[in-house]
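# Overview (structure and organization)
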Amino acid sequence: MTTTDDVEGAAIADGTPDAGCDCGRDCPPYSPAPRTGEVRAPDGPVMTDDVVGGDRVVGFAYVPPRAGTPAGTPHDRLLTAGDGGLVSPPARPVPALRPPGPGDERLPHDRLEEHCVVPAARQDRCLPAAVRDLLADGSWSRVLPRLARTVRGAAHELWLCGGAPRELLTRRGRDAVRDLDLTGTAPAGRFAELARRTLEEDGETYELRTPVSPDTLVCTVLDDDEQTPLLEYRGLGVGGFAFPATGTDLVSDTLQRDFTVNSVLYDFERHLVLDPGERGLSHLKGTARVLAPVALSSDPRVQAALALRAVKFLVRWEADGSVDTDELRAWTGGFPDDLAGRVRERGDQAWAQLLALHHESLGGVAADRQTAVASTLGRGVERLLSTLLGSSA
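All values derive from a computational prediction rather than experimental measurement. (Residues numbered from 1 in each chain as written. Predicted model: local features only at pLDDT ≥ 70, side-chain atom pairs only at ≥ 80, totals over all residues. Heavy atoms only, no water.)

## Quick notes on the confidence of the model for the chain
Put simply, the rule reads: Every residue is assigned a pLDDT by the predictor, reflecting its confidence on a scale from 0 to 100. By definition, residues are in contact when any of their heavy atoms lie within 4.5 Å.
Of all residues in the chain, 94% attain a pLDDT of 70 or more, and the chain-wide mean is 90. Here residues 1-15 is modelled with pLDDT under 50, and outside its nearest four sequence neighbours on either side it reaches 35 contacts, counting other chains as well.

## Looking at the packing of aromatic side chains
Here the distance between the centres and the angle between the planes together describe a pair of aromatic rings. Condition: Planes of paired rings set the category: under 30 degrees apart is stacked, over 60 is edge-to-face and the rest tilted, where pairs are Phe, Tyr or Trp rings (Trp by its six-membered ring) whose centres lie within 6.5 Å. We count a stretch as a helix when DSSP gives it H or I for four or more residues in a row; a strand needs E for two or more, and each element gets its number in order from the N terminus. Accessibility here uses a 1.4 Å probe with only protein chains present; expressed as a share of the type maximum, an area under 20% marks a residue as buried, one over 50% as exposed, and anything in between as partly exposed.
A complete count under the given rule lists 5 aromatic pairs for this structure. Seen in terms of ring centroids, Phe 259 and Phe 313 are 6.0 Å apart; in terms of plane orientation they differ by 85 degrees. Their pairing is edge-to-face. You can see Phe 259 sitting in the loop between helix H6 (250-254) and strand S11 (265-267) and its partner Phe 313 sitting in helix H8 (residues 300-317), a full 54 residues away along the chain. Look at Trp 331 and Phe 335: their rings are 4.8 Å apart centre to centre, the planes differ by 85 degrees, and that puts the pair in the edge-to-face class. Looking at Trp 331, the relative accessible area reads 10%, which means it is buried. Three or more aromatic residues joined by ring pairs form one cluster here, namely Phe 259, Phe 313 and Trp 317.

## Some details on the pairing of strand S8 (residues 229-233)
The side chains of a regular strand alternate, residue by residue, between the two faces of the sheet. Note the threshold: Think of it this way: DSSP has to see at least two bridges between two strands before they count as a pair.
Summarising the sheet, strand S6 (residues 181-184) and S8 pair through 2 bridges and their orientation is parallel. Looking across to S8, one finds that Leu 182 is bridged to Tyr 233. Both strand S7 (residues 219-222) and S8 contribute to a ladder of 4 bridges, which runs antiparallel. Paired with Leu 222 across the bridge in S8 is Pro 229. A loop of 6 residues connects S7 with S8, the two strands running antiparallel in sequence, and Glu 226 in this loop sits at a positive phi of about 60 degrees.

## Concerning the pattern of salt bridges
Once their charged atoms are close, side chains differing in charge can pair, the charge on each being opposite to the other. The test is simple: Take a side-chain nitrogen of Lys or Arg and a carboxyl oxygen of Asp or Glu: if they are within 4 Å of each other, that pair is a salt bridge.
Considering all chains together, one arrives at 35 salt bridges under this definition. The salt bridge partner of Arg 196 is Glu 200, with a shortest N-O separation of 3.3 Å. With Arg 196 and Glu 200 both in helix H5 (residues 188-200) and 4 residues apart, the pair spans about one turn of that helix. The structure contains a network of salt bridges with shared partners spanning Glu 38, Arg 152, Glu 157, Asp 267, Glu 269 and Arg 270.

## Considerations on the packing of helix H3 (residues 144-153) against H5
Threshold: For helices, the axis comes from a line fit to the C-alpha atoms of the stretch in contact; other axes are also lines fit to C-alpha atoms, and the angle between any two N-to-C directions lies between 0 and 180 degrees. Here the angle decides the label: under 35 degrees means roughly parallel, over 145 means roughly antiparallel, 65 to 115 means roughly perpendicular, and every other value means oblique. The hand of a helix crossing depends on one turn: near helix anticlockwise from the far one by less than a right angle means left-handed, and clockwise means right-handed.
Contact geometry for H3 and H5: axes closest at 9 Å, N-to-C directions at 130 degrees. When the axis of H3 is compared with that of H5, the two are oblique. Between H3 and H5 the crossing geometry is right-handed. Along the contact surface, H3 presents Arg 146, Leu 147, Thr 150 and Val 151, while H5 presents Phe 191, Leu 194, Ala 195, Arg 197 and Thr 198.

Shown next as structure tokens:
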């Protein structure tokens, strides 16, 4: 992709006046410049849509290590277009290097439509400085700069996701970012390997652990207490499998997110805001913030989990002004009245996981406030919260 913005005076390219710097960092105004699309390294990693052994690559799975597994054994598995019917990951390992032959030479962000890739300073002249401050602050600063260099040195891409881009784009400030979530093109096992290598090279961090959850493919870099996450990483999401999978396609990842506002990514190397779903930025930055679901699942476990997260965000944002929940209520209004019971029918583990999510999401919120917000999302959600609150009492 090659873009050139034509900007005059203090107006940014979409005609919006530049609001100026008000953060005290003396941020310079956005200065447009031609951007030439980059190309993948010829000796870089495999990505979605490459062809391996005559089959098109769609993503990666992960097989956890077993007792007695030799150190250095690869745990990532290559997924190709014919693997959708498998009930467990195939035995196929991920090649160390991309195969020779025809393929898409563009990096993932350059495969997006132009309007989905926005220079951060064009969106908000203070945003790049806010991100730099965030990454230099907090417990994650112990490992993130070196880890990012290692990951990118292996020709993988890395982006901020979740709360960091969401809160900084809405100018809620550094204190609103509670944790640091990353996504990228590295499969789970490869990221854990690169993280371990990075930590071992430093005398102060070599004892930190980097476990991978086989249920979620989240790799966590744990602090010294082995309980507190310094940061969490999960590769770009891929659907259509009976087991967790990741890939390298930004649009596919958007379809695995919960809400549109959580589909916005931040490239902290190039300082680009990525909006693969084409609605995340407008839903964050409009006159009224929009809380809209991405996928309308019929699975009661997914519905219940999304309902809890929706209540969490509505409680958190209530002081910021009105939130448009029309799309959300059109979906949650159709939830069954006995949603809690349907989750319980899936077994004790499913119910325990929902109770844990309720505590994590809303543990510090008064019960009457929880039920009041839940009531705006329909009877099914209101009864779900009442049941969870009763179970937690």
